[in-house]
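Results of the structural survey
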Amino acid sequence: MMNRCGLITVQKEPVPLKSIEVELEVRDHVATVVSTLNYQNKEDKAVEAVFVFPLPGDAAVCHFSAVIGQKEIVAEVKEKQEAREEYDDALSSGQQAFLLEESEQSPDIFSMKVGGLAPGESASIRLEYVTELAVQADDGLRFCLPAVLNPRYQPQGSEGASVQVFSVPASLVPYTLCFCGRLFSPRPICKVESSCSLDPLQYLNTDQTQATVKLAAGHKFDKDVEVVIYYKDAHQPTAVVEAGQTSAETGTLMGDPVVMVSLYPEFPQSVMSSVDSCGEFVFLMDRSGSMGAPLNNKERHQTRISSARDTLLLLLKSLPMGCYFNIYSFGSSFQHIFPQSVEYSQKTMEEALKKVEEMKANLGGTEILEPLKHIYSHRCIPNHPRQLFVFTDGEVGNTKQVLDLVKKNSGSHRCFSFGIGEGASSALINGLAKEGGGHAQFITGTDRMQPKVMQSLRFALQPAVEDISVTWDLPKGVSVTVLSPPITSIFQGQRSLIYGQLTGQSSEATEGSVTVKYSLAGRPSQNQLHFSLKPAEDTGLTVHRLAARTLIRSLEMEDRDEMGENDGGMKEKVVQLSVQSGVSSSFTAFIAVNKTDGKVIQGPLVHRNVPTAMLYGRAMSRMAMACAAPASFGMKRMLKGKGRSPKTRSHCLLTDGPISQKAVPQVAVHEGACSSDLIKGEVATAPKRVNRDPFMQLVSLQKASGCWTLDPDLAAALGKSREEVEKSKPATVNSEVWATILALIWLHGFKMDAKEEWELLAMKAASWLRAQNAPCVPECVDAGNALLGCSVQKDALML
């Protein structure tokens, strides 16, 4: 009987959302995204459809409308409570209404309500947003259309209501996705890569500056739609001036011209090739239950936590002598290897690696706030800048609290963040790096975690840029109000964005300039960009909306900083700016009411949840719901009348069979936490170890100083016997020098495809060799090549 109503959920309820069509337009590094959601009510009663879904955390949502038949109803931005009341009043009086609002806990989750869809009626909902594309370490521009929304863990006592997520396994998502994009660039488009299957890139002109991309049919919602665009000669500094809205008042953000400046600082090669030997490196690793999931669907034996272990091995081997380090891990509770950061040595490295080998995804929920507080409670070590590396699958519900804490401590450290797997919160991962003056990376699809993390370690080992200042040189009569927060960090090849509101006019000069000055390795440097004040054509209000979003996010953070001190003054500013610019905020919502057709929707509305995809199957979904507080994850109705208080301690165990007492980890679980590591036995016991590949085996044998020792394990990693290795050693060379040269030859001869992963530890090895002043190095290199069947030159080994 139910099947007559169309697509249905696991709970056998019909789903009125039938398809989503997404059109992407990229101009240089700015993306405009238009999503059309097609609804149809095949039931015999009117419905209200609620859809909680992810968007990029830095998106500026700027349009929301509904088309019913031939009529379009365009939504307005209003204060959130006012919009909610208008929506409820409309439904109470039998009118159709549409509501779109951003989560108060995390800006990458939105809730859409389609209320009053009559039996047999269809509606097309149009949602539009703009966003800047993030620059990757390999110079690609990354766009991500989030398709996966895993339930977010809400720690006990967190501020605000948790987000109610209605999810089903990706294979059971009951609607289709169509995705296509048009790319426009001032420079040729070299290639486009994606974690999903794309139709071949189609160029629209001979100079290859315009192209189209399209998602191949049959997307399964088992991954986010990630597109990485590569331009030739990326990336050039640019400035775009956009004219104000003619209907807006002069002197307001929307009425005045706005300039968007994109700077790409270039550092001297001498600085780039140097590696700081000082620093305090703190690694914070997620060990919540969801880290036991496969890293991707193709290599299901490789879990997120096992990949993280290998990554920590590489990191620890690549650290410079003389630095300090510590490793924290967290779930519902947190642990640290040392009470405080210790000096890096062979002894401390071995002790840390022993603990890393034992790490499992067995610490329950995802509570990142407490370990961060503990890290920040320790004083920084003089002359050793703190570098914080955070690894998480990003399933937290208190994103804003976490980011506020990082910002509060931004003067004492740089934060490098890594989002692991599909559905990692872009608001959390990008926010950590932005507020902490670091760099963000996402590990999705078939990405290897190690090269991306080592790219970030390279950034961390660059000398910190200090004394950053921005100055403007504008014609007389023209002034600028900077809308972006101050630039706190600059990295080689990474974009720095500045938005400015231009006021006044000049009758003479038509050009201005902006200069960024900074100190790098003790030397003053600067980058200057000249730009035309003439507004660009055909940008619409894209730059204004991005500038408004930037200012809104800054004001929202200030509001949280000053809560209770200014009696809502900052909130009023945000609401005013959001309404004026038509860009969403945490204090506003889009509301549209169909007031004109006079039709009254009869009877009470049937409530229907539209599910999003999640990746951990039905057991994880049940666990997340059963273990959360009653209001969490849409469970209010399920728990009604069950006699449970919201403060009830709610630990749970879901399993397909008996678990021995030995298999159950003894973990400190906070109030409201959940032993999610025990789901279906996925990570309840130590993971089965596959034999470590020769590369990771070789890396594991390196000493903290950078050298290797000659032993059977090294010979085995090189694919030789101990006798073969010892027999080939030149007589005048000591065994450690010989072993280290062999390891370097093997890396250059057999693992050049993974050079990003081993380059830093190889530099350390080469430095150690040079310090030995060993004789007969050329003879050793020749003998090593002969033994291993390679032809690596001495110069390539940096000797």
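In short, a report on the structure. As the structure is a computational prediction, the values presented were derived from the model and not from experiment. (Residues numbered from 1 in each chain as written. Predicted model: local features only at pLDDT ≥ 70, side-chain atom pairs only at ≥ 80, totals over all residues. Heavy atoms only, no water.)

**Observations concerning the sheet that holds strand β28 (residues 479-482)**
One open sheet accounts for four strands, arranged β18-β19-β29-β28; its pairing is antiparallel. Only two strands of the sheet have a single neighbouring strand rather than two, namely β18 (238-242) and β28. This sheet shows a mean twist of 25° between the axes of neighbouring strands, independent of strand direction. Bridge count for strand β19 (residues 258-263) against strand β29 (residues 496-503) is six bridges, and the pairing is antiparallel. Note that in β29 the partner of Val258 across the bridge is Gln501. Seen against the sheet, helix α9 (residues 542-561) touches β18, β19 and β29 and runs at an angle of roughly 80° to β19. (Pairing = 2+ DSSP bridges. Helix = DSSP H or I, 4+ residues; strand = E, 2+ residues; numbered from the N terminus. Axes fitted to C-alpha atoms, helices over the stretch in contact; angles between N-to-C directions. Contact = heavy atoms within 4.5 Å.)

**A look at the environment of Asp693**
If you trace the backbone, Asp693 turns up in the loop between α12 (636-639) and α13 (694-701). Sequence separation between Asp693 and Ala717 is 24 residues, and the spatial gap between their C-alpha atoms is 8.3 Å. Among the polar contacts made by the side chain of Asp693, one reaches the main-chain amide nitrogen of Met696 at a distance of 2.7 Å. (Polar contact = N/O pair within 3.5 Å; in protein donor to acceptor, adjacent residues only side chain to side chain.)

**A look at the pairing of β19**
Of all six residues making up β19, six are buried, and the element is well covered by its neighbours. By the alternation rule, side chains of β19 split into Val258, Met260 and Ser262 and Val259, Val261 and Leu263, which are all buried. (Buried < 20%, exposed > 50% of the residue type's maximum accessible area, 1.4 Å probe, protein only.)

**Some remarks on the nonpolar core**
Ranked by internal contacts, the top residues of the largest apolar core, which has 84 residues, are Phe281, Phe283, Leu316 and Phe391. In terms of residue count, the dominant contributor to this core is helix α16 (residues 735-750) (ten residues). Ile20, Leu177, Phe179 and Ile229 belong to the second largest nonpolar core, which has 63 residues in total. (Core = buried A, V, L, I, M, F, W, Y, C linked by side-chain atoms within 4.5 Å.)

**Observations concerning the state of the cysteines**
Across all of its chains, the model carries zero disulfides by this definition. Cysteine Cys278 is unpaired, with the sulfur of Cys323 as its nearest cysteine sulfur at 9.2 Å. Given the relative accessible area of 25%, Cys278 is considered partly exposed. Residue Cys780 stays outside any disulfide, its sulfur separated by 6.7 Å from that of Cys776, the closest cysteine. Its relative accessible area of 0% is what places Cys780 among the buried residues. (Disulfide = S-S within 2.5 Å.)

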